[in-house]
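Take a look at the letters that make up each chain.
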Protein chains: 2
Amino acid sequence: MATIYDVARRAKVSASTVSRVLNGKQSVDATLAERVREAARDLDYRPNALARSLRRSQTHLWAVLVSDINNPFFTALVRGVEDVAQRSRYSVVLCNSDENPDKEASYIAAILAEQIAGVIISPTNRSGHLRQLLDADVPIVAIDRKARGARVDTVTVDNTEAAELATNHLLSEGFIRIACITGPRDISTAEERLEGYRQALRAAGREYDPRLVRYADFREQGGYTAMAELLDHTPRPDAVFATNNLLTVGALECMVDRGVRVPDDVGVFGFDDVPSATLIRPPLSTITQPTYDIGRTAAELLLRRIADPSRPPTLSVLPTHLHVRASSLKRPRGTESQR
Amino acid sequence: MATIYDVARRAKVSASTVSRVLNGKQSVDATLAERVREAARDLDYRPNALARSLRRSQTHLWAVLVSDINNPFFTALVRGVEDVAQRSRYSVVLCNSDENPDKEASYIAAILAEQIAGVIISPTNRSGHLRQLLDADVPIVAIDRKARGARVDTVTVDNTEAAELATNHLLSEGFIRIACITGPRDISTAEERLEGYRQALRAAGREYDPRLVRYADFREQGGYTAMAELLDHTPRPDAVFATNNLLTVGALECMVDRGVRVPDDVGVFGFDDVPSATLIRPPLSTITQPTYDIGRTAAELLLRRIADPSRPPTLSVLPTHLHVRASSLKRPRGTESQR
DNA sequence: CTGTTAGCGCATTCAG
DNA sequence: CTGAATGCGCTAACAG
């Protein structure tokens, strides 16, 4: 690979001049500038980002550290991040912590070592990883969940309200024993959605029955197992609220395997867009999140944080959308939609 | 951030000694080594990867550059890559070219600039991007598709054979007008799968009707539009072979919207695992690829290539699996499965 | 406006 | 076995 000195020699100028031309700093004589550009072109010169970053002690790389790369919710976000990043000349790399604190730790270490310019993360919250980033003054934005014990910019939706609306809908449809399958206890998203479910029951004067609540990891298998347990229990629930897309799919798979009919035997309300949702029968009632906007907003917050590290942390709460479809209707009545 | 000199000062040794201890090079006096480790711990010292990589002119980062981050086929791969990488102390970052040559070019530039140690890529093939990597001696493994005009290690499946098997199955079921929705012309995967379809028709003595073939981008929308065109045409096809998961989903969505029944009106055979496949009725016949193994194999090839840059390029062809289910059966007969 | 000098943090010669 | 010196490639002061 050609270095800046190779270019300088060929253009018969100093390395500084090459640097100035290529970075558009200061003004350089037009003739020289042209010579430099030509030399760079001839040599197919590519600045070594390592050297540049070392020198400037800052990179132009962002990392998006998600908890599950196989969850389309997270990959959909990335597009929003990329679009903002590109406009500001950052490159985006995606890392997968797999809800595994060890993997998360390892990526955090890499992020620190590589002097990454900014991080968008759905934190596992199981340890002080975020602290390390904060201590090293790495700009951070949390998405999807709140970072425990760390004041950082955060982009979420109003999970409690959304869950409450979904549960209210199930109640108003006349479902009696409504179960909830939620995520791990230490993830704010899981807690808040469960809380919304609870509030709806309370407001309706229903007794809260802990046997109708299942904690699972945010995976299909978790939803499947949780649903199986719920169905094995007597009396059975007649509806279920699942707090993310994979849990919803898992729960549905369990019901398919057991011949449980939706919504006749068990009504279903899900969270997030479910892959191939339009092909699933009956059509699925879900709360959806503005994934692209979540990514975009997180990226914009990151830009602001980079520009002004001392600004107070922001919490950005984006709107959800309630899609009522056949899976949550006591008797089929077609499809509606409301906020 | 503490530097190596800070650690050296605290341990009352030279920076060289710190470097030796922390990298396990040469033998260092046990007492000194312990002092160094303690000092490093006290200062929470983290080597600056930029400086180290600059010095060694090599990083410990791999990039996986996929053509569509929203396609679960590609994200599923990553797990296989990660597992191998981790064992060899590499970190994996994922970049999304979005089937967009410009985005690809921009990531290739970043990969070059960042001195990435190895690249696993599903190339768009629209320009000489791979050449740039090869010229810079960056180890590369192509996945999913063959790299045009570049001799690189490659991991694929036998697309032609798989497509032929699928089409043969449709033929043997008695479908007469079998359509094919395939991907862009310049992607080997799309070409080979189409070729398998052709070969099956030829072997069966069927005339090849180009009006039954549609090229689309490998997206849901592409499958939807292509299917709409096929359905608008007279006479209609009575079966369709879609050459990837998203095309399959798109085609199915179109049929749902138009009230076309599967398989009674149109039989369907898909490619790849389709998200939430088990929830889709009728169950979908598909050819599946061993995604995890593709990732793992690619990573292993990358390791070998890094160890020995001069070894001849390998083509690794992994087995596919044919899942015959109800969507491709003339009359429902339950579910079978064969190689 | 341009060139010289220095140093980012580290690993690796080379002496000792 | 250990330390001093050097340079990876680049940019930012500083002179000129």
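Residues numbered from 1 in each chain as written. Chains lettered and ligands numbered in written order. Predicted model: local features only at pLDDT ≥ 70, side-chain atom pairs only at ≥ 80, totals over all residues. Heavy atoms only, no water.

Where an unreviewed UniProt entry is consulted, chain A appears under the name LacI family transcriptional regulator, with the organism given as Actinopolymorpha pittospori.

1. Quick look at unusual backbone geometry
Put simply, the rule reads: A helix here means a DSSP run of H or I that spans at least four residues, while a strand means a run of E at least two residues long, and both kinds are numbered starting from the N terminus.
Omega for the bond connecting T234(A) with P235(A) falls within 30 degrees of zero, at -5 degrees, which places this linkage in the cis form. Structurally, P235(A) is set in the loop between α10 (220-232) and β8 (239-242). A cis amide bond links R281(B) to the next residue, P282(B), at an omega of -5 degrees. Within the element layout of this structure, P282(B) appears in the loop between β9 (267-271) and β10 (285-288). Residues other than glycine seldom take positive phi values, yet R89(A) does so here, at roughly 65 degrees.

2. Digging into the protein's contact with DNA strand D
The following threshold applies: Distances are taken per atom, and a residue is near a molecule or strand as soon as one of its heavy atoms is within 4 Å of it. Contacts described as polar in this section are N or O atom pairs within 3.5 Å, which, within protein, must combine one atom able to donate a hydrogen with one able to accept it, while residues neighboring in sequence count only if both atoms come from side chains.
Within the structure, DNA strand D sits among 26 residues, and I4(A), Y45(A), R55(A), R20(B) and S27(B) are positioned closest to it. The protein-proximal atoms of DNA strand D, defined as those within 4 Å of the protein, are 62% sugar or phosphate. With respect to DNA strand D, the side chain of R20(A) contributes an N or O atom lying 3.3 Å from a base nitrogen. Here T17(B) contributes a side-chain N or O atom positioned 2.6 Å from a phosphate oxygen of DNA strand D. Mapped by element, the contributors of at least two residues to the surface near DNA strand D are α1 (4-11), α2 (15-23) and α4 (49-56) of chain A together with α2 (15-23) and α4 (49-56) of chain B.

3. Focus: the protein's contact with DNA strand C
Surveying the vicinity of DNA strand C reveals 28 residues, the closest of which are S16(A), R20(A), S27(A), I4(B) and R55(B). Considering the 4 Å shell around the protein, atoms of DNA strand C inside it are sugar or phosphate in 60% of instances. Within the side chain of R20(B), an N or O atom sits 3.5 Å from a base oxygen of DNA strand C. Separating a phosphate oxygen of DNA strand C from a side-chain N or O atom of R52(B) is a distance of 2.9 Å. Of all elements in the fold, only α2 and α4 of chain A together with α1 (4-11), α2 and α4 of chain B reach the threshold of two or more residues within the surface near DNA strand C.

4. Considering the relation of the copies chain A and chain B
Put simply, the test is: A least-squares superposition brings the copies together, and it is based on the C-alpha atoms of residues with pLDDT no lower than 70 in both. Any two residues whose heavy atoms approach within 4.5 Å are treated as being in contact.
Here chain A sits on chain B after a turn of 180 degrees about the axis and a move of 0.1 Å along it, with an RMSD of 0.1 Å. Taken together, these values place the two copies in the relation of a two-fold axis. The residues that chain A uses at the interface reappear at the interface of chain B in 100% of cases, marking a shared surface.

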